[in-house]
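Below are the chains, spelled out letter by letter.
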Amino acid sequence: MKNQIEISVIMPIYNVKEYLEKSISSVINQSFDRYELILVDDGSTDGSSDFIDRYKGFPKIKVIHKKNAGSGASRNTGLEEAKERYVYFMDPDDWLDGEMLRDNYELLIRYSPDFLIFGWFDHAFGRSVPKVFEDDVIESKKEFLEKFPTLFKKDVLYNVWNKLYKRSFLIENKLEFGHEKNGQDYLFNIRVYNKTNSVVINSRRYYHYIVKRPSSATANFHYQIFNLYKKEQIELINLMYKNDIHAPDIVSNRWYFILNNCWLRSRTRDKVLLKKRNKYIQDIIEEYKKYNYIDIKNLSNFKSRIKYLFFFRMGLFKYDFRNLH
């Protein structure tokens with residue numbers, strides 16, 4: 001069974017035509033050949049659909065077209081189609097480097113974890129920044145929960161594109177993606193962590209992540225974004241409470257990230273629209289004050305404490321016009 005397929009690479013695609021050739025090529029140019037690539041087009045309107053049709057007939061590639069329903073639904077479609085031992089959810093505007101599939105497959109076969117984490121580079125503002133963490137093999141649920149705060153603070157738990165999952169683990173635990181506009185990765189992983197018993201961590205970097213592509217869902221503003229973030233946060237808090245994970249700094253830091261990110265995404269040059277969005281941020285701040293979402297002493301960064309107290313709580317954010325010209 002030398003050429004038996006072992007890894008299903010699932011790529012949800014929506015209006016990313018200019019990135020697809022580099023992304024897809026980075027998979028098919030891997031020397032490891034025991035994979036299949038499942039391209040799931042989510043009703044693209046920019047020519048992405050026609051572009052991936054070029055790969056129809058390739059022996060290791062499956063092309064699926066569906067009506068637009070979001071990346072979560074596309075990943076679920078890919079997971080239903082996948083029949084292999086491991087699954088990997090890759091974003092279509094990023095790319096792989098080195099022998100990601102081969103190296104990590106060897107670790108998966110050696111340890112057979114529920115999932116594996118590997119390293120990556122963040123690309124933003126013309127810079128490439130390597131993500132730094134340590135190799136590890138976690139062999140029990142108790143050990144994973146003990147190490148959860150450290151792993152969370154190293155930012156390795158949020159995304160799906162830095163992980164390979166054992167397919168049987170996902171299927172047996174009925175783990176699939178939701179249909180939210182944002183945060184499907186995080187919510188999916190929180191549910192994964194509730195079931196996790198073993199993890200392998202490979203610090204070697206293979207993935208290149210484009211931070212906040214201008215047209216991406218994570219870069220755009222919409223008025224539901226706070227509620228989506230809050231849903232993620234509630235899932236995180238429930239996970240920590242259920243498993244007796246005491247890390248109040250994680251909770252406060254995440255609440256701060258949510259507020260600051262909502263504000264950053266709400267800025268606009270339109271003065272009329274800015275007034276409406278300022279009201280939106282002010283309403284969020286009032287909710288923070290009412291329910292004491294942030295405990296100042298638990299904010300890890302001193303600048304975050306100052307910004308929350310003076311910039312947000314005192315309303316100075318309304319008069320900040322930096323980077324608007």
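Since we're looking at a predicted model, the values are computed, not measured. (Residues numbered from 1 in each chain as written. Predicted model: local features only at pLDDT ≥ 70, side-chain atom pairs only at ≥ 80, totals over all residues. Heavy atoms only, no water.)

**Some thoughts on the pairing of strand E3 (residues 61–65)**
Note the cut-off: The criterion for strand pairing is that DSSP finds at least two bridges linking the strands in question. In DSSP terms, a helix is any run of H or I states spanning at least four residues, a strand is any run of E spanning at least two, and both are numbered starting from the N terminus. Orienting the strands away from the viewer, one traces the path from the first strand over the helix to the second; a clockwise path indicates a right-handed crossover.
Two elements, strand E2 (residues 35–41) and E3, share five bridges in a ladder whose sense is parallel. When the sheet's bridge partners are listed, valine 40 is paired in E3 with isoleucine 64. Between the parallel pair E2 and E3, the chain is carried across by helix H2 (residues 48–53), and the sense of this crossover is right-handed.

**Topic: the packing of helix H7 (residues 184–195) against helix H8 (residues 225–242)**
The condition is simple: To obtain each axis, a line is fitted to C-alpha atoms, and for helices this fit is confined to the stretch in contact; angles are then taken between N-to-C directions over 0 to 180 degrees. The cut-offs work like this: below 35 degrees is roughly parallel, past 145 is roughly antiparallel, 65 to 115 is roughly perpendicular, and the gaps in between are oblique. A contact between two residues is defined here by any heavy atoms of the two lying within 4.5 Å.
Running from N to C, H7 and H8 point in directions that differ by 10 degrees, and their axes come no closer than 10 Å. The orientation of H7 relative to H8 falls into the category roughly parallel. Of H8, the residues touching H7 (which contributes Tyr186, Leu187, Ile190, Arg191, Tyr193 and Asn194) are Lys231, Glu232, Glu235, Leu236, Leu239 and Lys242.

**A look at the pattern of salt bridges**
Convention followed: Note on definitions: salt bridges are taken to be side-chain nitrogens of Lys or Arg within 4 Å of carboxyl oxygens of Asp or Glu. In this scheme, a residue with accessible area under 20% of its type's maximum is buried, one over 50% is exposed, and one in between is partly exposed, where area comes from a 1.4 Å probe on protein chains only.
The full count for this structure, using the stated rule, is 21 salt bridges. A salt bridge links glutamate 232 to arginine 254; the nearest nitrogen and oxygen atoms lie 3.1 Å apart. Of this pair, glutamate 232 sits in helix H8 while arginine 254 sits in helix H9 (residues 248–266), and the two are 22 residues apart along the sequence. Taking relative accessible area as the criterion, arginine 254 reaches 9% and is therefore assigned buried. With its nearest N and O atoms 2.9 Å apart, the salt bridge here joins aspartate 283 to lysine 279. Taken together, the residues aspartate 283 and lysine 279, both in helix H10 (residues 271–291) and four residues apart, mark about one turn of the helix. Within this structure, Glu6, Arg34 and Arg85 form a network of salt bridges that share partners.

**As for unusual backbone geometry**
Of note in this structure, phenylalanine 125 is not a glycine but carries a positive phi near 55 degrees. The residue phenylalanine 125 is located in the loop between strand E6 (115–124) and strand E7 (127–130) in this model. Take phenylalanine 125: its relative accessible area is 85%, and that puts it in the exposed class. Positioned with a positive phi, lysine 174 is a non-glycine residue whose angle comes to about 55 degrees.

**Examining the environment of isoleucine 281**
Assignment of secondary structure puts isoleucine 281 in helix H10. Residue isoleucine 281 is classed as buried on the basis of its relative accessible area of 0%. Counting along the chain gives 109 residues from isoleucine 281 to glutamate 172, while the straight-line C-alpha distance between them is 41 Å. Here isoleucine 281 is in contact with Leu259, Cys262, Trp263, Ser266 and Phe317, once residues within four sequence places are set aside.

**What about the packing of aromatic side chains?**
Put simply, the rule reads: Only Phe, Tyr and Trp rings take part, Trp by its six-membered ring, and two of them pair if their centres are within 6.5 Å. Stacked means planes under 30 degrees apart, edge-to-face means over 60, and tilted covers everything else. Throughout this description, the term charge over a ring refers to an Arg CZ or Lys NZ atom that lies within 6 Å of the ring centre and within 35 degrees of the ring normal.
Overall, the coordinates contain 37 aromatic pairs when judged by the stated rule. When the ring of phenylalanine 148 is compared with that of tyrosine 193, the centres are 6.0 Å apart and the planes differ by 70 degrees; the resulting orientation is edge-to-face. On the criterion of sequence distance, the pair formed by phenylalanine 148 in helix H5 (residues 141–153) and tyrosine 193 in helix H7 is long-range, its members being 45 residues apart. The class of phenylalanine 148 is buried, set by a relative accessible area of 0%. Overall, tyrosine 193 belongs to the buried group, its relative accessible area being 1%. Aromatic pair tryptophan 255 and tyrosine 293: ring centres 3.9 Å apart, planes at 5 degrees, arrangement stacked. Remark: tyrosine 293 occurs in the loop between H10 and helix H11 (302–312) and tryptophan 255 occurs in helix H9; sequence separation between them is 38 residues. Assessed through its relative accessible area of 4%, tryptophan 255 is described here as buried. On the basis of relative accessible area, tyrosine 293 is assigned to the buried category, the value being 16%. Within the aromatic cluster, the residues linked to one another by ring pairs are Phe89, Phe115, Phe144, Phe148, Phe152, Tyr158, Tyr165, Phe177, Tyr186, Phe188 and Tyr193. A cation sits over an aromatic face here: lysine 22 above tryptophan 95, 3.6 Å from the ring centre.

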